[in-house]
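The lines below spell out each chain.
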Amino acid sequence: MRKIILPLIMLSLGALPQFAQAQDSSALWGKKYAEVKSSLLAAGWVLAPVAEDETPMTEDYPEITCGNGAMAICSVGFMRDKTTLALVVEPIENTLVVTGEY
């Protein structure tokens, strides 16, 4: 039990590189996208390729793409080994924030 609790506590305190071991993406929710991206890349994750027909959310972050329609979301993908991670990103008060996973 102690082995599980410690990484979760560290994640909740903002130790994003621990995500590589814990695999609990909810610890990333509510964090600024720039910080999440930096931490994931430092932990060995890489950005997933973007399809040619996808529309970038911003010029600064072309890896974040948005769908079309009423229920569309903006998302970004990361890969590491054989694991993929797709995060939902939203602009909140002029800052890109990770708001979930799909």
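Not measured: the values here are computed from a predicted model.

Parameters and conventions
Residues numbered from 1 in each chain as written. Predicted model: local features only at pLDDT ≥ 70, side-chain atom pairs only at ≥ 80, totals over all residues. Heavy atoms only, no water. Phe/Tyr/Trp six-rings, centres within 6.5 Å; stacked < 30°, edge-to-face > 60°. Helix = DSSP H or I, 4+ residues; strand = E, 2+ residues; numbered from the N terminus. Buried < 20%, exposed > 50% of the residue type's maximum accessible area, 1.4 Å probe, protein only. Pairing = 2+ DSSP bridges.

Draft legend 1. Highlighting the packing of aromatic side chains. Taken as a whole, this structure holds one aromatic pair when the rule is applied. When the ring of Tyr33 is compared with that of Tyr61, the centres are 5.2 Å apart and the planes differ by 85 degrees; the resulting orientation is edge-to-face. Residue Tyr33 is located in helix H3 (residues 33-42), and its partner Tyr61 is located in the loop between strand S2 (55-56) and strand S3 (65-66); the two are separated by 28 residues in the primary sequence.

Draft legend 2. Just the pairing of strand S4 (residues 74-80), in detail. When you tally the buried positions in S4, you get five out of seven residues, the bulk of the element. Where S3 and S4 come together, two bridges link them in antiparallel fashion. Across the sheet, residue Cys66 finds its bridge partner in S4, namely Cys74. As defined by bridge partners, S4 adjoins strand S5 (residues 83-92) across six bridges and the pair is classed as antiparallel. Note on S5: the bridge partner recorded for Val76 is Leu87. Counting the residues between successive antiparallel strands, the hairpin from S4 to S5 contains two residues, one of them, Asp81, with a positive phi of roughly 55 degrees.

Draft legend 3. Examining the pairing of S5 more closely. Bridge count between S5 and strand S6 (residues 95-101): six bridges; the pairing is antiparallel. Bridging across to S6, Leu87 finds its partner in Glu101. The antiparallel hairpin formed by S5 and S6 contains two residues in its connecting segment, where Glu93 sits at a positive phi of about 50 degrees.

In short, geometric facts, not functional conclusions.
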